[in-house]
Amino acid sequence: MRHAGSRRYAEPVTQKVPEIPPRLTDPRPVLAVGSALWVVATLVVLAGPESWESALPVCLMGLVVGLIGSTIFLIQRRGARRGDKGAQTGLR
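Residues numbered from 1 in each chain as written. Predicted model: local features only at pLDDT ≥ 70, side-chain atom pairs only at ≥ 80, totals over all residues. Heavy atoms only, no water.

A. Summary view of the environment of A41. Positionally, A41 belongs in helix 2 (residues 28-47). The exposure class assigned to A41 is partly exposed, which follows from its relative accessible area of 25%. Taking C-alpha positions, A41 is 9.6 Å from V58, a pair spaced 17 residues apart along the chain. (Helix = DSSP H or I, 4+ residues; strand = E, 2+ residues; numbered from the N terminus. Buried < 20%, exposed > 50% of the residue type's maximum accessible area, 1.4 Å probe, protein only.)

B. Structural context of the UniProt feature "transmembrane region" (unreviewed entry) in the protein chain. Summarizing the sequence annotation, UniProt attributes the feature "transmembrane region" (unreviewed entry) to residues 30-48 and 54-75 in the numbering used throughout. Span residues 30-48 is 95% helix and 0% strand, its end C-alpha atoms 26 Å apart. The span residues 54-75 is 91% helical and 0% strand by assignment, and the distance between its end C-alpha atoms comes to 33 Å. (UniProt positions renumbered as here; feature names shortened; annotations may be inferred.)

C. Representation of the pattern of salt bridges. Evaluated as defined, the whole model comprises one salt bridge. When the shortest N-O distance is used, the salt bridge between D26 and R28 registers 3.0 Å. A relative accessible area of 40% means that R28 is categorised as partly exposed. (Salt bridge = Lys/Arg side-chain N within 4 Å of Asp/Glu carboxyl O.)

D. Main features of the side chain of T42. Mapping T42 onto the fold places it in helix 2. Looking at T42, its side chain comes within polar contact range of the main-chain oxygen of W38, at 2.7 Å. Sequence-distant contacts of T42, that is, excluding residues within four places in its chain, are made with L56, C59, L60 and L63. (Polar contact = N/O pair within 3.5 Å; in protein donor to acceptor, adjacent residues only side chain to side chain. Contact = heavy atoms within 4.5 Å.)

E. Structural context of the packing of helix 2 against helix 3 (residues 56-82). At a minimum axis separation of 9 Å, helix 2 and helix 3 run at an interaxial angle of 160 degrees. Taken as axis vectors, helix 2 and helix 3 run roughly antiparallel relative to one another. In this structure, the crossing between helix 2 and helix 3 has a hand that is left-handed. Here R28, L31, S35, W38, V39, A41, T42, V45 and L46 of helix 2 lie close against helix 3, whose contacting residues are L56, V58, C59, L60, G62, L63, G66, G69, S70, F73 and R77. Class assignment of the residues belonging to the contact of helix 2 with helix 3 gives a composition of 12 nonpolar, six polar and two charged. (Axes fitted to C-alpha atoms, helices over the stretch in contact; angles between N-to-C directions. Parallel < 35°, antiparallel > 145°, perpendicular 65-115°, else oblique. Left-handed = near helix turned anticlockwise from the far one by under 90°. Nonpolar A, V, L, I, M, F, W, Y, C, P; charged D, E, K, R; others polar.)

Here it is as structure tokens:
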């Protein structure tokens, strides 16, 4: 019988992982486009027929979520620029 300590395992292979380009990791365009689309949707619902009234709360909540996301991003970016311990890294 073989003992568990006598087995030979292949050494783990570590590959160099390329960095993601900054233009793909920047959350600002996503926040801006998402918020703009919710503004457009809200305006369309407000200008549309009365049958679209039920969609207004959804549009308004989309705007609120975009505002909350933008606020969190700005707070994290400010903390990263100041060098706070709990702040994310890589935010400009």
